[in-house]
Amino acid sequence: MRLHAVLFDMDGTLLDTAPDFIAVAQAMRFARGLDRVPDQQVRDVVSGGARAMVLSAFDIDPLSDEFETLRLEFLDRYQDHCAVESQLYDGMAELLADIERAGLLWGVVTNKPLRFAEPIMQQLGLASRSAVLVCPDHVSRSKPDPEPMLLACSQLGLDPLTVLFVGDDLRDIESGRAAGSRTAAVRYGYIHPEDNPDTWGADVVVDHPLELRAVLANALGSS
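What you see is a predicted model; the values in this text were computed from it and never measured.

A. Helix 3 (residues 49-57), seen in detail. Within helix 3, the full set of buried residues consists of Ala-50, Met-53, Val-54, Ser-56 and Ala-57. The buried residues of helix 3 occupy one face: seen down the axis, they fall within an arc of 160°. Packing partners of the buried residues in helix 3 comprise helix 1 (18-31), helix 2 (39-43) and helix 4 (65-80).

In structure tokens form, the structure reads like this:
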């Protein structure tokens, strides 16, 4: 079936948002008189959310009251610093332009809360171009459940079979497959060193956004 839309996960797929997360973690350490941790130490656990990043940046018991205080501070600081250094991945601007020139729709399906995702999209000039933005705020179950993908397809008025979902996490691929969409896994995102996108069951795995041009060309050429 011919492709009509491409949906992207946000963090680690459409956008490199790690620099803002890293800046927040390092600022919190600086405020406490602590030395920096290696940036890569934080980057490696971005997909695990605020909890994982706080645990990576601080040697702390996750069951302690102090941990929860740090986690909430991390989120508050990130609210003010979520769209400072984040940017499209190399090649993604060209890919989005290709998608638009082909007359396809594109959008974002993310587990990132709306209060962070929306200002990032606006700051980067993507909000007016994206046909849909689905966040946990809009559904009762987040990825890997298919609900976010099914909602996005419903809002676009499209059969999931005509949609390609691109992600850098197993949860993305599981959500897309369960919804009945085609899926593409990317190797350039926030993938834990011990994880392997080739084992996720995606229809295709790519190392760079522009490799998706061939995927789109094949899909657009099919009946």
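So much for the structure itself; the text now carries on.
B. Geometry of the pairing of strand 7 (residues 182-186). Within strand 7, four of the five residues are buried, leaving the element largely enclosed by the surrounding structure. Pairing of strand 6 (residues 163-167) with strand 7 involves four bridges; the strand directions are parallel. If you follow Phe-165 over to strand 7, its bridge partner there is Thr-183. Of the crossover connections in this fold, the one passing from strand 6 over helix 8 (residues 170-179) to the parallel strand 7 is right-handed.

C. How the structure looks around the pattern of salt bridges. Counting across every chain of the model gives 16 salt bridges. Here Asp-172 makes a salt bridge to Lys-143, at a shortest N to O gap of 2.7 Å. A residue pair is termed long-range when its members are at least 10 positions apart, and Asp-172 in helix 8 and Lys-143 in the loop between strand 5 (133-134) and helix 7 (147-156) qualify at 29 residues. With a relative accessible area of 3%, Asp-172 lands in the buried category. Look at Lys-143 and you get buried, because its relative accessible area is 5%. Of the charged contacts in the structure, one is a salt bridge between Arg-187 and Asp-198, with a shortest N-O distance of 2.6 Å. Of the two residues, Arg-187 is situated in the loop between strand 7 and strand 8 (204-206) and Asp-198 in the loop between strand 7 and strand 8; the sequence distance between them amounts to 11 residues. The partly exposed category is assigned to Arg-187, whose relative accessible area is 32%. Judged by relative accessible area, which is 46%, Asp-198 ranks as partly exposed. Salt bridges linked by common partners bring Asp-9, Lys-143 and Asp-172 together as one network.

Criteria and cut-off values
- Residues numbered from 1 in each chain as written.
- Predicted model: local features only at pLDDT ≥ 70, side-chain atom pairs only at ≥ 80, totals over all residues.
- Heavy atoms only, no water.
- Buried < 20%, exposed > 50% of the residue type's maximum accessible area, 1.4 Å probe, protein only.
- Helix = DSSP H or I, 4+ residues; strand = E, 2+ residues; numbered from the N terminus.
- Arc of directions from axis to C-beta.
- Contact = heavy atoms within 4.5 Å.
- Pairing = 2+ DSSP bridges.
- Right-handed = clockwise from strand over helix to strand, strands pointing away.
- Salt bridge = Lys/Arg side-chain N within 4 Å of Asp/Glu carboxyl O.

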